[in-house]
Structure formats: C-alpha cells, structure tokens
Amino acid sequence: MEVFSRDEAHEKTQKYDRMREKKAFDESKAGVKGLVDAGITEVPRIFVDHPENLQSALASSNGHFHVPIVDLADIVKDPSRRKEVVNEVRSASKTWGFFQVVNHGIPTTVLEEMLDGVRRFHEQGAEEKRRFYSRDFTTSVAYHSNFNLYKTEAANWRDTLFCVMAPNAPEAEDLPAVCRDIMLEFSKRVMNLGITLFELLSEALGLKPNHLKDMECAKGLVLLNQYYPKCPQPELTMGTSRHTDSDFLTVLLQDHVGGLQVLYQNQWIDVSPVPGALIVNIGDLLQLISNDIFKSSEHRVVANNMGPRASVACFFYTATPPSPKLYGPIKELISEGDPPKYRETTIMEYVSHFSANAKGDGTSALQQFKL
Ligand code: OGA
Ligand code: NI
C-alpha cells in the first residue's frame, strides 16, 4: 500500500516536472535549435521517448520494399501514358498511401531554394524567430516547436514554421523576410501540382477529373517548414512521432538527409531521398471521402546526428477561414454493397478532433468518425 502510494507520488512528481520542463522549453521560444545552439550534449528528458516507440527506428528498410515512384512526364499530351499513370496512382494510393513523383514540373532550383529558405529561417538569430513564436493555430503564420507539446509524453526533436498560403495568401510582410519570396513562389507551383494530383486521384477513383477539385480539396494550402536539428543522441528521441496526416493530401519536399519512414505491411520502410522528387501522401480526409478506397498511412521521422534536416510539408486542406462544407464518403463511391463507412464532418471539426488526440502513439482519429 505504502509502496503503491509512493510510486504514485513519484509518478506525479515526474509528471509535474515534465510539465514544468516543457513549459520552460516553450517559454524559451527558441525551439530545439536553441538547445543545440546552447551546446547541450545530451537530449533533455522531455524529449526521451519510450523504447517501444524507438524500436527499430535505426534499423528499418530491409531493402525488399520501395515506395513507388510515378513519372508525371507527358500526362497531358499522351492519353495512353496518362492512363498508366492513373493506374499507378490508384495502386499506390490503395496500398502504400504514399508515392514519390518525378517530372512534376517544379524546377529543382525552386526546390533547392525552398529548402535553403527553411534553413535560413531556422538558422537565423533567436530574436528574429521569437516574434513569430505562437501556439495560436488560428493565426496564419506561426513558429513553434511541437504543436502538440503538452499532449504527448515525449517531445519531438523538431521545430516548425506554419504558414497558411491559400485560399488567402498572406501579405508578403507577414511572412519572415528570409524566406517570403520563395514561399510565395513555391506555394504557387505546389498549388498547380496539387490540382494535377487531385485530377489523377479523381480519375483513379473512376470520377470526373474535376471531382475532387470541385469539392474544394485543393482550395486551402498550409506549409509546414520543418527543421530537425542535429541530435546528439538520436537513439533516444524521434524527429516526428508516428502519425497520419489530417488533411486531404500532402506534398512533401525533403532534403538529402533522409529519416522519413512509412509503415507498410507492419514494417517501417525508408522513404529515401530522390533528387528532384516530391513525396505525395494521402491524408485522413481523403481516406474518409474515398470511403477507405485510399489509405492514409502512418509515417514518422527518425532523429539523426548527421546534421540538420529540412523539409516542407504542404498540406491541402482549408484551415482559415474555416470552410462550412460538409465532407462524407463520395456518393458515386457508395452502393448497397459498399455502404458509407464514415459520418459527414467539416474540415475544422475533423482537424480539431485530430489535434486534440495527437498523442504520437499511432491512434487514428478516423475511428471516431466511423459509422
Ligand atoms: C508532417 C510530416 C515529414 C517530414 O509534417 O506531417 O510527416 O519529413 N513531415 O518532415
Ligand atoms: Ni505527416
């Protein structure tokens, strides 16, 4: 009895300390990069993850599986090539929920400059970044570390600059000066690529090319400029814990460092950097409206000590202003034999629910919307 209550007290102290230490970290407004710049040589305990979450983090990808690569060249002028691409997109979206695209039309110089912009933002002085520090998710531009810092047990080794780029583009002066021009340029191009991808995905579902665009899946775009500082003890923490994306579709630009992994057939498979390629993954909202035809797969990023890693996750969904539209399984995809699997919801309701439950343990928010 006494032992039990002492354990309980110990646990409470641990919890209290964790909260206090997280708060101190949050209030530094300097992110993980601030810790690294201060010269830490050990990972502070708020970042130390459970061994089961770290399991096999450094020993994945046995080489048997590779995320499909889809070549988008000639899909406009060659109808038979387009048909093949639609088949490849369908197959990848049903099984992996992930694929990489090449010949997507965005010049490599733009991709490189975007990644440089992410590094410039996170590597500038702490004072410059501090004015953007915010946990208010209704603002259009916010810099923070761990959007779910107070919900998870272990924090991730990652800092983020969050920017809503569409439907309303921010005023140039609202964006950080060191990356504003490239963010506006890159977003415009990602928006065009997104429209092409939604056309291919519509066709892959047997719908008219404009179906998903007409549902306003490509109306909103949020950019997450992610920065994973070099980690002194990468075996103890995660860059990004296992999760699915809450949006319709994500276009992800990663640099050459690597560390992104997708869960496929119960194994963590490396999504290896391919120069000039972009990664595409199905989000929860597209799984919901496709009535489980497409799969929103879990993925994560392992920490590394090879140097900072930069990435840009482009989320297609309407964040602000919130859309009043209701989304449920697409009527054309349901029949007597294939009844709807989900109730209708708004983007705001789904994303709020997702964020409130983002504990980094792989539980899916979609379950709560199942009929
Ligand atoms: C995300 C994500 C992966 C990466 O932001 O949702 O999965 O490589 N990012 O940063
Ligand atoms: Ni993700």
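What comes next is a walk through the structure. (Residues numbered from 1 in each chain as written. Chains lettered and ligands numbered in written order. Predicted model: local features only at pLDDT ≥ 70, side-chain atom pairs only at ≥ 80, totals over all residues. Heavy atoms only, no water.)

What about the coordination of the nickel ion (ligand 2)?
Okay, step 1: The protein atoms that coordinate the nickel ion (ligand 2) are His243 (NE2), Asp245 (OD) and His299 (NE2), at distances spanning 2.1 Å.
Okay, step 2: Of note, the donors binding the nickel ion (ligand 2) are all from one chain and are spaced H-x1-D-x53-H.
Okay, step 3: Owing to a relative accessible area of 24%, His243 belongs among the partly exposed residues under this scheme.
Okay, step 4: By relative accessible area, Asp245 is classed as buried at 4%. (Donors = N, O, S within 2.8 Å, 3.2 Å for Na, K, Ca; no water. Buried < 20%, exposed > 50% of the residue type's maximum accessible area, 1.4 Å probe, protein only.)

What to know about the pattern of salt bridges
Should their charged atoms come close, side chains of opposite charge can pair.
Okay, step 1: The tally for this structure, following the rule as stated, stands at 21 salt bridges.
Okay, step 2: With its nearest N and O atoms 2.9 Å apart, the salt bridge here joins Asp26 to Arg135. With a gap of 109 residues between them, Asp26 in helix H1 (residues 2-28) and Arg135 in the loop between helix H6 (126-130) and strand E3 (141-144) connect regions that are remote in the sequence.
Okay, step 3: You can call Arg135 partly exposed: its relative accessible area is 24%.
Okay, step 4: Residues Lys370 and Asp292 are paired through a salt bridge, measuring 3.8 Å at the closest nitrogen-oxygen approach. In this pair, Lys370 is assigned in the segment after helix H10 (347-356) and Asp292 in the loop between helix H9 (284-289) and strand E11 (299-302), connecting sequence segments 78 residues apart.
Okay, step 5: On the accessibility criterion, Asp292 (27% relative accessible area) is partly exposed. (Salt bridge = Lys/Arg side-chain N within 4 Å of Asp/Glu carboxyl O. Helix = DSSP H or I, 4+ residues; strand = E, 2+ residues; numbered from the N terminus.)

A short note on helix H7 (residues 180-204)
Okay, step 1: In this model, H7 (25 residues) spans 35 Å end to end at C-alpha, consistent with the 36 Å of a helix rising 1.5 Å per residue.
Okay, step 2: Phi for Gly206, located one or two positions after H7, is positive at around 80°. (Expected span 1.5 Å × (residues − 1).)

As for the nonpolar core
Okay, step 1: With 92 residues, the main nonpolar core has Phe186 and Ile289 as its most contacted residues.
Okay, step 2: The next biggest cluster of nonpolar side chains, apart from the first, holds 11 residues, and it includes Leu35, Val43, Ile46 and Ala155. (Core = buried A, V, L, I, M, F, W, Y, C linked by side-chain atoms within 4.5 Å.)

As for the packing of aromatic side chains
Geometry of an aromatic ring pair is reported as the spacing of the ring centres plus the angle between the planes.
Okay, step 1: One pass over the full model with this rule turns up 12 aromatic pairs.
Okay, step 2: Taking the centre distance of 5.4 Å and the plane angle of 75° together, the rings of Phe121 and Tyr143 count as edge-to-face. Here Phe121 is found in helix H5 (residues 108-123), whereas its partner Tyr143 is found in strand E3, with 22 residues between them in sequence.
Okay, step 3: For Tyr143, a relative accessible area of 0% puts it in the buried group.
Okay, step 4: With 5.0 Å between their ring centres and 55° between their planes, Tyr350 and Phe369 make a pair best called tilted. Taken together, the residues span a long stretch of sequence, with Tyr350 in helix H10 and Phe369 in the segment after H10 at a distance of 19 residues.
Okay, step 5: Looking at Tyr350, the relative accessible area reads 0%, which means it is buried. (Phe/Tyr/Trp six-rings, centres within 6.5 Å; stacked < 30°, edge-to-face > 60°.)

Quick notes on the sheet that holds strand E7 (residues 249-254)
Okay, step 1: Pairing in this open sheet of eight strands is mixed, and the strands run E1-E2-E10-E7-E12-E5-E4-E3 from one edge to the other. Edge positions in the sheet fall to strand E1 (69-71) and E3, since each has one partner strand and no second. Strand after strand, the sheet turns through a mean of 25° between neighbouring axes, direction not considered.
Okay, step 2: Note: E3 against strand E4 (residues 159-166), four bridges, orientation antiparallel. Considered in E4, the bridge of Val141 is made with Cys163.
Okay, step 3: Packing of helix H4 (residues 79-95) onto the sheet brings it into contact with E1, strand E2 (98-102) and strand E10 (278-282), and relative to E1 it is tilted by some 160°. (Pairing = 2+ DSSP bridges. Axes fitted to C-alpha atoms, helices over the stretch in contact; angles between N-to-C directions. Contact = heavy atoms within 4.5 Å.)

With respect to the site of ligand 1
Okay, step 1: By nearness alone, every residue bordering ligand 1 is listed as Gln226, Tyr228, His243, Asp245, Leu252, His299, Val301, Arg309, Ser311, Ala313 and Phe315.
Okay, step 2: Residue Tyr228 places a side-chain N or O atom 2.6 Å away from an oxygen atom belonging to ligand 1.
Okay, step 3: Within the side chain of His243, a nitrogen or oxygen atom sits 3.0 Å from an oxygen atom of ligand 1.
Okay, step 4: Computed on the free molecule, ligand 1 has an accessible area of 290 Å², of which 95% lies beneath the protein chains in the complex.
Okay, step 5: For the shell around ligand 1, the secondary structure elements donating two or more residues are strand E5 (221-228), E11 and strand E12 (309-316).
Okay, step 6: Of the residues forming the shell around ligand 1, the biggest block, four residues, is contributed by E12.
Okay, step 7: Residue classes in the shell around ligand 1 are distributed as five nonpolar, four polar and two charged. (Near = heavy atom within 4 Å. Polar contact = N/O pair within 3.5 Å; in protein donor to acceptor, adjacent residues only side chain to side chain. Areas by Shrake-Rupley, 256 points an atom, 1.4 Å probe, with all protein chains shown as cover. Nonpolar A, V, L, I, M, F, W, Y, C, P; charged D, E, K, R; others polar.)

Some details on the state of the cysteines
Okay, step 1: All told, the structure shown has zero disulfides when counted by the stated rule.
Okay, step 2: Cys314 takes part in no disulfide bond, and the closest cysteine sulfur to it belongs to Cys163, at a distance of 11 Å. (Disulfide = S-S within 2.5 Å.)

A look at the packing of H4 against H7
Okay, step 1: Running from N to C, H4 and H7 cross one another at 80°; their axes reach a closest spacing of 9 Å. Taken together, the axis directions place H4 and H7 in an arrangement best described as roughly perpendicular. Across the interface between the two elements, Arg82, Val85, Val86, Val89, Arg90 and Ser93 of H4 pack against Glu199, Leu200, Leu201, Glu203 and Ala204 of H7.
Okay, step 2: Residues belonging to the contact of H4 with H7 are distributed by class as follows: six nonpolar, one polar and four charged. (Parallel < 35°, antiparallel > 145°, perpendicular 65-115°, else oblique.)

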